[in-house]
Structure formats: C-alpha cells, structure tokens
Amino acid sequence: MGGVTDVSAETAAGPGAGSGQGGTGPPSPFRQFIVKVHGRCNLACRYCYLYEGPDHTWRARPAAAPAAVLDRTADRIAEHARGHALTAVSLVLHGGEPLLAGVDTLVRFTALVRDLVPAGCTVHTTVQTNATLLTEDRMTALARHGIRVGISLDGGLAAHNARRVDHAGRPSWPAAARGARLVADRFPAAYAGVLTVVDPALDPVETYESLLALRPPALDLLLPHGNWSAPPPRLEATRYGDWLCSVFDRWWRSGRRRVRVRLFEECIALLLGLPAATESLGLAPFDAVVVETDGSIEQVDSLKSAYEGAAATGLDVFRHGFDDALRHPGVAARQAGAAALSAQCRACALLDVCGGGHYAHRYRAGHGFANPSVYCADLQRFIRHVRDRLTGATRAAPVTARAASASASASASASASVSEKEDERALTMVSPVLSDRSLAALGRTEGDPDTLALLVRDQDTRRLLMLRVLLDAVEDGAVLPAGARERMREDWHLLEDADRAVSAGDGGTPSPPYATTPARARLLHPLVGPWVRQCLRGLRPQAGGPAERHVRELGRDLAHLGALAAAAAARAGLSFAVRLTAWDGVLTLPSLGALHTAEPGDVPVDVVCADGRMTLRQKHAVDVTVQVEEGIGAWSAAPVWRPAHALPGLLPGGPPIPLDDLDPYRGAHGGPRHHELSGPAVLDESDRKRWARAWAGTADVLRLGGEHRVAEAVALLRCLVPLADPPRPGPDARETGSCSGTRREAFGALLSSRPPTPATFATTLVHELQHTKLSALGDLLVLHRAGPQQRHFAPWRPDPRPYDGLLQGVYSHLALADFFQRCALRAERPAHREAAWSRHARYRAQVAAALPGLVDSPDLTERGRRFVDQLVATHERMAEYPAPRGHTARAQAHVTAVRDLWNRRHGPAAGHPRG
C-alpha cells in the first residue's frame, strides 16, 4: 500500500505552502512527514509496486519501527518545525499497513510529536490504512486523540477490489467495506477521505458513484505508478485522461458537490493562477519526506517504482536532521520547479498547471527523471478539458446560477446546459491563446482593440471563477460565524434574481464583456476582487484554531455579499427586503452610496426596496429614503446618506467612471509599491470639483500621445480610487507630493492622489495602465521564471529590484518615453515641446540603463524572450526622432549619477548593472 498521498495534506499546509514555482530561493521546508510505523502489509495486492516492484529494500528493514526510531523521529520533526518556524505540520502514519503497529503505538507517537513541537505549531495526524483492521475500539482511540483516517480502495464495489487480496488469496473487500462504513457512520469527524488509483478498465462514473456511497469528505484520484521504462497498464491513446474527464464531468455537473476531489480542485486553482500544492500537478516545491522503520530518511515511496534505491538518501534520523535531507540532490531536484524539467516541458503552454506531472512518472532508464511524464498526453487531455468546462461555466449560463451550483441552495448545475457545440464556439478560455501579433503589439506598449478585449475577457473569466472558488470555500469552511453559510446562500439567491431580471446593460455603468446585468456589473467591479481575496484569506485554516477576532472579521467580510446583492437588486428594479449590518456605523451599498447610522458600532439596518426607492430603517432613527439614479449614485435628502459619484466618460457618450471613495475594500495592502501609497481619501464637494477639472482635459492630452492611449484607457479603466495627498519630503511640511498605483487583484482600478492638471492625469493613466496590461499578460502566459531576489538596478528606484519589478518598471517607463516623444513631435508651443522632449529623454535614458538586466536573463521563456526583444526594438526605434542633444546629455548624466550612487550603496554583489 506504499506511496500513498495524504488526502488531508492541504489542511496542514502552513502559510505560503504550495506557493511559488520552486528553485527561486532557499529550500522549502518539509511540512509533511510520512513515518513508516510498520513496514509490512496484511494484504498482498497483485499490483503493488512497493512489494512487487523493483525495490526490495523493505526486506532488510524491521517489520515495525522500534520505539527508539519513533522517539528520535519525533525529536527531528520538532527540530525542523522549530528551525523553520512552522505553524502546522502533517504527520502521516504509514506502512505497509500502519494499524499492524497497534493503536497504542500510533497514539503514543502522535502525542510525543505534539508535545515536542514548539508552541503554536499544530500537528495534523492521519493514518493511511486499507481499512480491513478498523474496529470500533480502534476508531474510538484514534478519534479521541485527533488522528484522522484515510482509506485506500480501488472503488466502492467488490468487483473493483478484486485484486486486493490477503496473503491467502482471499478477497479483502468485505473487511474493508465494514471498516469504511464504520468510519462514515460512527466517526465522520475523523474521516480524512478515500484514495483510489485510477483503473481505466473500470467504468469511471460507476467507480466514482460507488465511492460516493462510502460518504468520504475527500477523494484522491492517483494515476498508477509507471514510467517510460516500465509503462503503466493500458497506456494507449489517452485512456487515463479520458477516464479522469468523465469523472470530472460527473463531479462538475452535480447540483451539490458531495465530495472534494483534490486533483480537480487543484487543477482549477492552478488554471486560475492560485497557489496549489499536489504531487501530480503544478510547480510548487514538494514538501514531503519519509522515515522508514529503521530510521532511514528517504524520499517518497513512489520513486521505488523506478529502480532499487531511487528513494534512498543515505541519511537517518539518528545522525542527520531533516535540513540535511533538504540539501540532498534528489530532494533539491524535487524543489527546483521548472528548472528540473525537460526542454519539452519548459516549452509547453500548460507547464504552470501540469508542472511536468508526478516526478516518478518521468523516469526513463539511462536518462533519469528529466523527461515528460509518461502520462503527458493524458494530462494534457485532462487539463484542457477542465479549462474548457470552466470557460463554458462563465459563458453559456448566468454566472450567478453557475457559481451557486457549489452551494447547497442550488438545485442544478448551470454548466449542465453547456453543450459540446457551444464549447466549440468558445471565444474565451481560462488561458486563451495570445497571438504573436498581439504579443508584439503589447511589446510596443500598445494593444489593438482585439488584444485589449482579450485581456479584459480573460480577467473577467478569472473573476467569475474566483467567485465560484469563494462559494466552494464557504461551503467547506470548518469555522464560520453563526449563520454565515446560510446567509451567503440567501444573498446569492438575490443576486440570481437580479441577474434574471434585466438582460440589458447596467444603465450606463461600465460594461465589461460579461457585465450584461446589474448583478454581473457589481461582481465584475474592480474592488470586488480584493474583497474575494480577503474572504479567501480569512477562510484558510488557522493554526491552533481561529481567534474570536478573526471569526468576527471574517463575518464582516462575508456579509459584504449582502450589500453587493442589495445594490444589484435595486439597480435591477426588484422589490425586496433584507437586513444588512452597518459596520462601525457605516453601511456601504456599492455604486449607490453609504449610510452613516445614528448609533456607532455594528448596527442592523433593514433595507426595503420598491419602485426604484430604498428605505433604510434602523432603531432609534428616522427612516432614510433613497432614490436610485441611473448609472452611478442614489439621491437622498437625508444628510446621513453619502451618494456614490462618478466622472463623465472619457469620451463623449461613454460610460461614467466611478470615483469610488466609499468602498470598504478600496485600500491597497501588500507589496513594496503599495507601501509607498497614501491611504484612501474621502472627498468633499470641492475635492470632487478639482478631480472633475483635471479629468475634463485628460482625453485631449492622451490623444497627443497617440489615439491608442485613449483607446487603452477606455478599454481598461473601470474606476478611480482617490488617495490622500502624500507629504512631500523637504523642509516645507505643507508641500504635498503625488502617488498612484494599481492592484493586480483589482483589474481596472486606478488608485491615485488628485492629479493637479489634465497633463498629470494623462501621464498617470499611461504609466499605471501599463502595469494593468502587463499583469493581465502575465496571467495569460509565463514571461519568465526568475525568482524574487532583489538585485537589479533600476534608475527610477534607489533599492535593488526583483526581475519582475524591473520588467514592470521598464514597461511603464518605455510607454512614457513613447508618449512624451509623440507629444513633443505634435506640440505647437515651444515651451510644451521642450518640456515633452525633456521627459522623453529622461525616460528613454532610464530604460536604456535597465534593459540589459532584462535581456541578459536566462529565466525568460520563449515567448518572454520575444516580448523583451520587442521592448528593445521599440526603444531603438525611438532613435529615429531623437530629442535635442542637450536634453539627451542631461538625461544620461542623471542616470550615470544615479547608477554611481546605487553602486556605492549596494556594490557589485547586489547585481552590478551593465552600461
């Protein structure tokens, strides 16, 4: 039974587990410790690679792990947790059949590990068993000590398990079935799930349905261990991939998701660009290690399917710590991410999702593991199928109905109505194909309408799917505020009603491709993205259990869906009545306005809407009547109501641009750029007039830099978030500076302090919209695989930059150089022309100094190399219309001075720039 993946591993993952691509920094610590408490099995499964495969090292090891081995292993786990400040570890009690070691041994060992790990580190323990030895007494002892049970089966019927026999050849299914039913019926809280190895000879849907009858909370589907030198059985065409696709469709189309299928959920997460951790998919560094019954430290058992000794490290717990194992070449290769893969894998468009497949499945005798997976065709078939199903879910049916299929309140899955013919007509995909023409246009810092529309469609698709992920997470949430799950369902019902009520656009509000109703317009508003992320962070398992404050904050975050739903329903003209909560005395209804309650604190507010009017009722206060206005805002005579505001469309007749100073999720958090931003501002009437004056001439200034600058602003800008004016460093504290930024999770939002002039406003738009474009492009394809090390010289920053930060800076500064060159060539007044040439020369000289750091990188992908080459070509083409010599000389002198200062501060070790 060896080589099984712990179905509860995701529960134990600590902060950051599963994120990143590996090979970009120090080794990722082990978080999953698979301990062989017993090295023999009471079954003799006819296909077992561990006991029937090429590795026979088990024969020379003790049958059961001696107490000295377990004690020393506990010491080493605690040492590793302490050294890496781990907040959680997964302890997998394994075999053979671990129950042969006796429940007392399992309980004692688990208790010892929990006693030794540092305070604040949670130990999640799972026994992976064939279930034949499970009894009432044993399960009672395991459950009492917080040890969960994962069960390995080939299906839920006797026929599925015909090859799982004992050493006398007798079938194991009767005893295994009794054990599985015992866990499901009597000890559901201790039920970790079922693990099944895919057998393409079995009917996929029948196998899946039979496993559901065992009521597992989670299901792990594993491909049989095989490789190029010892292929798995029935490896023809894409039989394994087809099998997985059939099960996925049955799981996906269920009205209510009855089981977590880890392979499916991890594939969806990776397609969305979310961090995911599984041995079979993705590029996250693998974080599991094995301790054998004699104390040997080994890599995972699956490697034993390749050749004898493939899992060996030469280390043991008596002489070595787990940090020594991290430095072992075999472990380093497992954590190297894309760098350890074959050239064929690195060039594949599905690399970030597939990750090269399971490491053991890449082996070929004489060539090692630097090969594609033996299941390469099957994985491509499965991943593309999942991607297409996600696409259909956001395209063919109302998004609210589709996402609600994850909720217990939904009666049927909307994706069931998506036909194969409709799939063939798909215009968008989770990862749509970006043409070379579009890549070249973006490399020129431009973007034709089709390219910009593709970026927008892809970002909208990701938003809708993120909402699906959120609803799934709420359904699965172990700790939620009282009533939160049911309230989310009710709010979603209201959104569904709003989605069905109106088929036209949202009365003049911005209309992204999917924003065909008020409900969708609200869900695709940029600031919904940060809200979703905040909720998902709050729903992550907390080490030691969530604190009361955490649960309260999560409740506030989840309750925001009610405000979104009420705003959408009001705009759709529905009559409804809901009770919402004003948090800290403020109830914000996105796109409408905000109510300031008569009493401080968290105040219930009843919202009644009919005939386009809302009545807001609270205890001990006069009712507030609000008239919903077309587009943005809602009017009320009550001074406690602050309406939402918008600026006119950038072009005549265009949709208004929300000037959002109300949304509770408009602040920016995380990342070096965001640390430099001031906080969000609340505008008064005079502030809004100043914003309007600066905005009024922005389109004309943008047009001087080319019509494409106006077009990209119209296509990409969805809302403006006012920031407070930051203080300007200097002797006069009354002076203020300016700041601006974008948020990757808030596509289409621009955060900015008030630009004093239309020219400043236009410059800010050009600068920040390049970040928007490049971030969206990075979601479509991988441009580079450089790590986060801050070592590159950028003339616009005093600190060393990571490669991705350098790329972002070069891209935005190149666009500004292009913008000001065009302005200089078109300027009529000499003063304006000279000012534009000065800005152009400065930006072009800065880009020239930073480009070598991009070009010289070995971490660029093939398409990333083409993109950077286009940046170089764009920079060189600017020489056709050079700035006056004086401007060029001053710009170069400035860059030289900045570089000299940078070198004195950071030295060659920080990454010496080329001239």
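The rules we used
- Residues take numbers from 1 onward in each chain, read along the sequence in its written order.
- It should be noted that, the model being predicted, local features are given only for residues of pLDDT at least 70 and side-chain atom pairs only at 80 or more, the latter also being counted only at that level, while totals for whole chains, interfaces and linings use all residues.
- For the side-chain quantities, the full set of heavy atoms in the structure was used; hydrogens and water were omitted.
- We count a stretch as a helix when DSSP gives it H or I for four or more residues in a row; a strand needs E for two or more, and each element gets its number in order from the N terminus.
- Using a 1.4 Å probe on the protein chains alone, a residue whose accessible area is under 20% of its type maximum counts as buried, one over 50% counts as exposed, and one in between counts as partly exposed.
- Each accessible area is a Shrake-Rupley result for a 1.4 Å probe, and residues are judged covered by the shown protein chains and nothing else.
- Cavity: a set of points on a 1 Å grid over the protein atoms alone where a 1.4 Å probe fits but cannot get out. Pocket: an open set with protein on both sides within 12 Å along at least five of seven lines, its lining residues, like those of a cavity, having an atom within 4 Å of a point.
- Grid points are joined across faces, edges and corners, and a volume is the space filled by probe spheres set on the points.
- Think of it as three bins: nonpolar holds Ala, Val, Leu, Ile, Met, Phe, Trp, Tyr, Cys and Pro, charged holds Asp, Glu, Lys and Arg, and polar takes everything else, Gly as well.
- Pairing between two strands requires that DSSP report at least two bridges joining them.
- Here, nonpolar core means buried Ala, Val, Leu, Ile, Met, Phe, Trp, Tyr and Cys residues that are tied together by side-chain atoms lying within 4.5 Å of each other.
- Any two residues whose heavy atoms approach within 4.5 Å are treated as being in contact.
- Helix axes use the C-alpha atoms of the stretch in contact, all axes being lines fitted to C-alpha atoms, and the angles between their N-to-C directions lie in the range 0 to 180 degrees.
- Here a pair means two rings of Phe, Tyr or Trp (six-membered ring of Trp) with centres within 6.5 Å. Their orientation is stacked below 30 degrees between planes, edge-to-face above 60, and tilted elsewhere.
- For classification purposes, an angle smaller than 35 degrees is called roughly parallel, one larger than 145 roughly antiparallel, one from 65 to 115 roughly perpendicular, and anything else oblique.
- Each reported salt bridge corresponds to a side-chain nitrogen of Lys or Arg within 4 Å of a carboxyl oxygen of Asp or Glu.
- Pairs of N or O atoms are called polar contacts if they sit within 3.5 Å, as long as, within protein, a hydrogen donor faces a hydrogen acceptor (for residues adjacent in sequence, only side-chain-to-side-chain pairs).

Chemist: How would you sum up the overall build of the protein chain? Please name residues and give values.
Modeler: Scanning the protein chain for helices and strands turns up 31 helices and 23 strands. Taken across its 915 residues, the protein chain has 58% of its residues classed as buried. Approximately 36100 Å² of the protein chain is accessible, and the part contributed by carbon and sulfur atoms is 53%.

Chemist: Describe empty space enclosed by the protein, and please don't skip the residues or the numbers.
Modeler: Within this structure, the stated rule accounts for 12 cavities of 30 Å³ or more. Around the largest cavity sit 16 residues that line it, and H525, P590, S591, A644 and D660 are the ones nearest its centre. Contributing elements (two or more residues each) for the lining of the largest cavity: strand 12 (586-589) and strand 20 (657-659). Here the lining of the largest cavity is composed, by residue class, of eight nonpolar, five polar and three charged.

Chemist: Tell me about the pairing of strand 23 (residues 749-753), and name the residues and values.
Modeler: The buried count for strand 23 comes to five of five residues, which makes it a mostly enclosed element. Side chains A749, L751 and S753 of strand 23 all project onto a buried face; the interleaved residues L750 and S752 project onto the opposite face, where all are buried too. As paired elements, strand 21 (residues 719-723) and strand 23 share five bridges and run parallel to each other. Bridging from a neighbouring strand, P722 pairs with S752 of strand 23. Note: strand 22 (residues 740-741) against strand 23, two bridges, orientation antiparallel. Residue pairing for strand 23: G741 is matched across the bridge by L751.

Chemist: So what's going on with the nonpolar core? Residues and values would help.
Modeler: Counting 146 residues, the largest nonpolar core has I151, F382 and W531 as the members making the most contacts within it. Sort the elements by how many residues they give to this core and helix 22 (residues 548-571) lands first, with 11 residues. Excluding its chain neighbours within four sequence positions, the residues that come into contact with W531 are L467, L470, D557, L558, H560, L561, L564 and Y665. The next biggest cluster of nonpolar side chains, apart from the first, holds 74 residues, and it includes L702, A849, M878 and V895.

Chemist: Talk me through the sheet that holds strand 15 (residues 613-617); I want residue IDs and the actual numbers.
Modeler: The five strands lie next to each other as 11-14-15-16-17, forming an open sheet whose pairing is antiparallel. Edge positions in the sheet fall to strand 11 (576-582) and strand 17 (634-635), since each has one partner strand and no second. As judged from the four bridges shared by strand 15 and strand 16 (residues 624-628), these two strands associate in the antiparallel manner. When the bridges of strand 16 are listed, L616 appears paired with V624. Of the strands in this sheet, strand 11, strand 14 (603-610), strand 15 and strand 16 touch helix 22, which is tilted by about 145° from strand 11.

Chemist: Provide a residue-level description of the packing of aromatic side chains, including the pertinent values.
Modeler: How two aromatic rings sit relative to each other is set out by the distance from centre to centre and by the angle between their planes. Considering all chains together, one arrives at 20 aromatic pairs under this definition. Here F30 and F322 contribute two aromatic rings whose centre-to-centre distance is 6.4 Å and whose plane-to-plane angle is 80°, an arrangement assigned as edge-to-face. Here F30, found in the loop between helix 1 (9-12) and strand 1 (32-36), pairs with F322, found in helix 10 (residues 322-326); they are 292 residues apart in sequence, far enough to count as distant. Note on F322: relative accessible area 1%, which makes it buried. An aromatic cluster of at least three residues, connected via ring pairs, comprises F248, W251, W252, F264 and F382.

Chemist: Residues and numbers for the packing of helix 4 (residues 103-116) against helix 5 (residues 136-144), please.
Modeler: To characterise two packed helices, one gives the angle between the axes of the helices and the distance between these axes. Where helix 4 contacts helix 5, the two axes come as close as 10 Å, and the packing angle between them is 0°. The pairing of helix 4 with helix 5 is recorded here as roughly parallel in orientation. Counting all contacts with helix 4, which are made through V103, L106 and V107, the residues of helix 5 involved are R138, A141 and L142. Partitioned by chemical class, the residues of the contact of helix 4 with helix 5 number five nonpolar, no polar and one charged.

Chemist: Pulling in residues and values, what's your account of the sheet that holds strand 4 (residues 147-152)?
Modeler: As summarised here, the arrangement of the 10 strands in space is 7-6-5-4-3-2-1-8-9-10, forming an open sheet in which the pairing is mixed. Each edge of the open sheet is held by one strand with a lone partner, namely strand 7 (260-261) and strand 10 (312-316).

Chemist: Help me get a handle on the pattern of salt bridges, residues and values and all.
Modeler: According to the stated counting rule, one finds 56 salt bridges in the structure shown. A salt bridge links E292 to R61; the shortest N-O distance between them is 3.7 Å. Note that E292 is positioned in the loop between strand 8 (288-291) and strand 9 (296-298) and R61 in the loop between helix 2 (49-52) and helix 3 (67-83), a separation of 231 residues in sequence. Among the residues examined, R61 registers a relative accessible area of 12% and is labelled buried. Residues D436 and R863 are paired through a salt bridge, measuring 2.8 Å at the closest nitrogen-oxygen approach. Of this pair, D436 sits in helix 17 (residues 436-443) while R863 sits in helix 30 (residues 862-877), and the two are 427 residues apart along the sequence. According to the relative accessible area criterion, D436 is partly exposed, its value standing at 46%. Residue class for R863 comes out partly exposed when judged on its relative accessible area of 21%.

Chemist: Tell me about the side chain of E292, and please be specific about residues and values.
Modeler: For E292, a relative accessible area of 6% gives the class buried. Here the side chain of E292 touches K304 through a polar contact of 2.7 Å, side chain to side chain.

Chemist: So what's going on with the environment of P449? Residues and values would help.
Modeler: Tracing the sequence through the fold places P449 in helix 18 (residues 449-476). Separated by 266 residues in sequence, P449 and A715 have C-alpha atoms that sit 8.0 Å apart.

Chemist: So what about unusual backbone geometry? Which residues, and what values?
Modeler: Of note, the amide linkage connecting G95 to G96 takes the cis form, showing an omega dihedral of 20°. The topology assignment puts G96 in the loop between strand 2 (88-94) and helix 4. Phi at R234 is positive, roughly 60°, even though this residue is not glycine. Looking at where R234 falls in the secondary structure, it is placed in the loop between strand 6 (218-222) and helix 8 (239-252). Positive phi values are uncommon outside glycine, yet T445 reaches one of about 65°. Accessibility expressed as a relative area gives 0% for T445, which makes it buried.

Chemist: Kindly report on the side chain of T861, identifying the contributing residues and their values.
Modeler: Structurally, the position occupied by T861 is in the loop between helix 29 (830-855) and helix 30. Overall, T861 belongs to the buried group, its relative accessible area being 13%. Separated by 2.6 Å, the side chain of T861 and the backbone oxygen of V782 make a polar contact. Excluding residues that lie within four positions of it along the chain, T861 makes contacts with V782, L783, H784 and R785.

Chemist: Account for the pairing of strand 3 (residues 122-129), with residues named and values stated.
Modeler: Of all the eight residues making up strand 3, six are buried; the element is thus mostly covered by neighbouring parts of the structure. Pairing analysis gives six bridges linking strand 2 to strand 3, with the strands arranged parallel. Directly across from L93, in strand 3, lies its bridge partner V127. One ladder, built from five bridges, connects strand 3 with strand 4; its direction is parallel. What sits directly across from T125, in strand 4, is I147.

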